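Coordinate analysis (summary)
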Amino acid sequence: MSIRPLTIREKIAYGLGDMGCNFVWQTVMLFLAYYYTDVYGLSPAHMGTMFLLVRFVDAITDPLMGSLVDRTETRWGRFRPYLAWFAVPFGLACMVTFYTPDMGQTGKIVYAYASYIFLTIMYTAINVPYCAMANALSSDPQERTSLQSFRFALGTAAGLIVALVALPLVKLIGGGNEQVGYFGAMSVMGVIAIALFFISFANTKERVAPTQQAKGSVAKDLKLLLANSQWRVLFVLNLVLLVGVVLKGASTMYYVNSVLGRADLATAFMVAGMAANIIGALVSAPLLARFDKVQAYKVITVVSGLLSAVLYLVNPANLTLVFTLHITLCLVQMMSTPLLWSMMSDVVDYERSRSGRSLEGMVFSTALFAIKAGIAIGGALVGWILAGSGYVGGAETQTPEALRWITMLFTVIPGVCYVLLGGIMSFYKLDTQALKSIASKLNAEPVAA
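This write-up is about the structure you can find in this document. (Residues numbered from 1 in each chain as written. Predicted model: local features only at pLDDT ≥ 70, side-chain atom pairs only at ≥ 80, totals over all residues. Heavy atoms only, no water.)

**Considering the environment of Phe 31**
Note the cut-off: Numbered from the N terminus, helices here are DSSP runs of H or I no shorter than four residues, and strands are runs of E no shorter than two. Residue contacts follow a heavy-atom distance rule, with two residues in contact if any of their heavy atoms lie within 4.5 Å.
Positionally, Phe 31 belongs in helix H1 (residues 8-40). With 30 residues separating them along the chain, Phe 31 and Thr 61 place their C-alpha atoms 25 Å apart. Those residues within four positions of Phe 31 in sequence are excluded, and the remaining contacts are Gln 26, Val 162, Ala 166, Leu 167, Tyr 182, Met 186, Met 253 and Met 270.

As structure tokens, this is what we get:
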């Protein structure tokens, strides 16, 4: 097992891969729901249903990708090659998803489904190996947490750039035509993502050699994971977490435009939150290193839930307090993210000690499926709740009922999800002492083939 400390350059290079992902991911999180309803022309109900149905594709592609990654062998390693192989298709997927074709309503619905499916498959193809690659860079749990801090700091920096420049780019490129503007702006994001993936590929190296050849079938691998209690905990956790994250993220534009009534502050509001996210990711590893990460995660998620609920009580006219709570929530919440992804690496080690199988690809692919399922449920809820509340896309004013539900989507409902995370983590047992025991076992005993 490799315990050689990673250099700052290697950590930054790894983080640039997530930066590339987030030039697309944050674009989708912040703008796709709004784009579909207010620019592309889908009804909120159609948009929400599409977000949910496309996840059935992920139910097939995610475990297949995980299994493929576990069986990959090249001179560049098992995971790194995928960054180079799928960089260009991933960037193109972002571009075509934000293109508005000149078709009738039925044609536009078909195109929306096809392009969104293409995007989600390309995201799977590059993100599953990218996430699993952390285990091949180091076997030290603390180094992995540090690696994840760099990853999410740089990934969130991409989100900050997206929040800062996306809407101005839409205006600049579109010249008043939002459909042209969104396509042009997201094409720029896609090109930047492609470049970052190649940089990450060129400046990382897989040092932890695989302990075995992957054997068996996808079904057998999934059966092993289903028997892993700690994997089950993190699967449910990721599902609930992303429902909350998407409810908040997808409703941001609606909240700023309709509830605050300050469309001119949309960029500033998102930039403030992203800047706080970056600080949260950077301070996570050094600030929380002395604490057990399981207990730290519980505290952070409960505090995040309370902050989110408090925001509901704030008068929208009090912009100073709204911004302050929003910034504080983003900072606190992001501190938990490196901890969670470090725990996923711990589950890989636990599985190796439990069954003798190294299933990085399957662990991270199924985690990503849980994440995307949470995104689907959250996105569907946003669409259905907006439709049920009487929201009208593009209207200058909305009904009081619509405004109330937009506020709930941005504050209370995500807050409930965050608090639930603390309860779910009560079932997670891989604390500091357990990890030391697992490390001793893996170092002392050869892993069975």
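**A look at helix H11 (residues 266-288)**
Note the following rule: Multiply 1.5 Å by the residue count of a helix minus one, and that product is the helix's expected span. For a residue, the bend is simply the angle between two axes, fitted respectively to the seven-residue segment ending there and the seven-residue segment starting there.
When the terminal C-alpha atoms of H11 are compared, their 32 Å separation across 23 residues agrees well with the 33 Å that a helix rising 1.5 Å per residue should span. At Leu 282, H11 shows its maximal bend, which comes to roughly 30 degrees, and the proline Pro 286 appears one to four places after that position.

**Section: the side chain of Arg 151**
Tracing the backbone shows Arg 151 in helix H6 (residues 141-174). Excluding its chain neighbours within four sequence positions, the residues that come into contact with Arg 151 are Tyr 14, Gly 15, Asp 18, Tyr 130, Cys 131 and Trp 341.

**Comments concerning the pattern of salt bridges**
Pairing between side chains of opposite charge can happen when the charged atoms of each approach one another. Let me state the cut-off plainly: Every case where a carboxyl oxygen of Asp or Glu lies within 4 Å of a side-chain nitrogen of Lys or Arg is listed as a salt bridge.
Applying the stated criterion across every chain, the model contains 12 salt bridges. Across the salt bridge formed by Glu 143 and Lys 11, the nearest N and O atoms sit 3.5 Å from each other. Of this pair, Glu 143 sits in helix H6 while Lys 11 is found in helix H1, placing the two residues 132 residues apart along the sequence. Taken together, the shared-partner salt bridges connect Arg 71, Asp 221 and Arg 357 into one network.

**Observations concerning the environment of Leu 403**
Within the secondary structure layout, Leu 403 lies in helix H16 (residues 400-410). Between the C-alpha atoms of Leu 403 and Met 29, which are 374 residues apart in sequence, the distance is 20 Å. Every residue in contact with Leu 403, bar those within four places of it in the chain, is listed here: Ser 258, Val 259 and Gln 398.

The values are spatial; any link to function lies outside them.
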